[in-house]
Amino acid sequence: LKHVALWMAAASLLLVPWALYAKRATGHYLLSSTNAGPVLFIGLGNLPGNKWGIVPEDGAPVMTALIQERFGARRSSLLYDTDRFLRGEFLRRVLEDPREYLRKVMYAFESMVVGGVYGGEFFERPECRPVCFIKYLRMRERLLSNPVAFFATNRLQGVRIPLQSASGFMGRWTVFSSFVLLPVVVVLAWRQKSLLLMLVVGAILYQAAINVLAYNMASYTANMYFFHLTNLSVGAIWLWQCLVDQRRVKAE
C-alpha cells in the first residue's frame, strides 16, 4: 500500500503542469482533457439505428446542431463549455431512456469482446492516400479470386494482404480468449492474493468499462493489449496445469 500511495502521489504531481496549462487555456484547473463530453455523446452512436440518430463520428450532425443551437454558432466540441454541455446532453438522454442505453451497452460489449484491437495498416502507402483502404479491399478481392495470377504481378503487395489479415485475426483471438479466461484469473488473483494479477484484471476491466459505457473503439482496447496477453498467458497456464494434474490422477 505504501508503494501504491507513492506511485499515485508521483502521478498526481506529474499532472500539475497540465493543470496549470488547463487553467490558462480554460480558466479551470483540470486533471483531464476536455473531450469527455464529445466522446460520451457520440458513444451513444455505437448502437446502429439508435433512437437519438447519433453516429459515432467526431463531426456527428446531431452533436454539431446541438452545439450551434446552444451557443448560437458553430464551435469546436473540445472547448471547456461545449464539453460540459455535451456531458449534460449525454446524461439527459441516458436518463430519459435507460433501456436504449442498455441496448447500446450490450452491443458495445459484444463488439469489444469480438472486435480485437487496432492492428496497424500494412497497406498504408504515401502514394495511395487517401484511398489506401479501398485499394486494399480491391486487391484482396483480386487475391481471393485468382491467387496465382495476383502473386505473379504483385509479389510485395500480395504479402501485405495476408499480413493485414493475420494481424487482425491475432488481435481478435487474443482479446476474445482473454475475456473468456478473465473470470479464471480473477479467482486466481483472489486466492493467491496477487497484487500483480489484481492490477492486470483491474486495468482490463477499467478500459472495458470505458469502451462499453462511453465509446467503443478497437484502438482503445489496444491500450490494454499487453494486459490481455498477460491475462491470457496466466489463464492458459492454469488450465494446462489443471489438465496435467487430471491426467496424473487418472494415471495413478
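A brief report on the enclosed structure follows. Just so we're clear, the structure is a prediction, and the values are computed from it rather than from any experiment. (Residues numbered from 1 in each chain as written. Predicted model: local features only at pLDDT ≥ 70, side-chain atom pairs only at ≥ 80, totals over all residues. Heavy atoms only, no water.)

This paragraph deals with the packing of aromatic side chains. All told, the structure shown has 8 aromatic pairs when counted by the stated rule. Ring plane angle 40° and centroid distance 5.5 Å describe the contact between tryptophan 18 and tyrosine 21, whose orientation is recorded as tilted. Of the two residues, tryptophan 18 and tyrosine 21 are both situated in helix H2 (residues 16-26); the distance of 3 residues between them amounts to about one turn of the helix. For tryptophan 18, a relative accessible area of 36% translates into the label partly exposed. For the pair phenylalanine 123 and tyrosine 136, a centre-to-centre distance of 4.6 Å together with 20° between the ring planes defines the contact as stacked. (Phe/Tyr/Trp six-rings, centres within 6.5 Å; stacked < 30°, edge-to-face > 60°. Helix = DSSP H or I, 4+ residues; strand = E, 2+ residues; numbered from the N terminus. Buried < 20%, exposed > 50% of the residue type's maximum accessible area, 1.4 Å probe, protein only.)

By size, the foremost hydrophobic cluster in this structure holds 32 residues, and its most contacted members are Phe41, Leu44, Met63 and Phe179. When residues of this core are traced back to their parent elements, those giving at least two are helix H3 (36-43), helix H4 (61-71), helix H5 (80-96), helix H6 (98-115), helix H9 (155-192) and helix H10 (195-214). When neighbours within four sequence positions are excluded, methionine 63 is seen to be in contact with Pro38, Phe41, Ile42, Asp58, Ser77 and Leu86. Counting 8 residues, the second-largest nonpolar core is a separate cluster that includes Phe123, Cys128, Tyr136 and Met139. (Core = buried A, V, L, I, M, F, W, Y, C linked by side-chain atoms within 4.5 Å. Contact = heavy atoms within 4.5 Å.)

The next point concerns unusual backbone geometry. Backbone geometry follows two general trends: most residues other than glycine have a negative phi, and most peptide bonds adopt the trans configuration. Positive phi is not limited to glycine here, since lysine 193 has a value of about 50°. Note that lysine 193 resides in the loop between H9 and H10. Overall, lysine 193 belongs to the exposed group, its relative accessible area being 53%.

A word on H3. Counted residue by residue, H3 has 6 buried out of 8 residues, so it is predominantly covered. Buried residues along H3 sit against H4, H5, H6, H10 and helix H11 (218-221).

On to the state of the cysteines. On inspection of all chains with the given rule, the structure shows 1 disulfide. Between the sulfur atoms of cysteine 128 and its disulfide mate cysteine 132 the distance is 2.0 Å. Sign of the S-S torsion, about 105° for the bond between cysteine 128 and cysteine 132, identifies this disulfide as right-handed. A residue is classified by how much of its surface remains accessible, and cysteine 132, at 2% relative accessible area, is buried. (Disulfide = S-S within 2.5 Å.)

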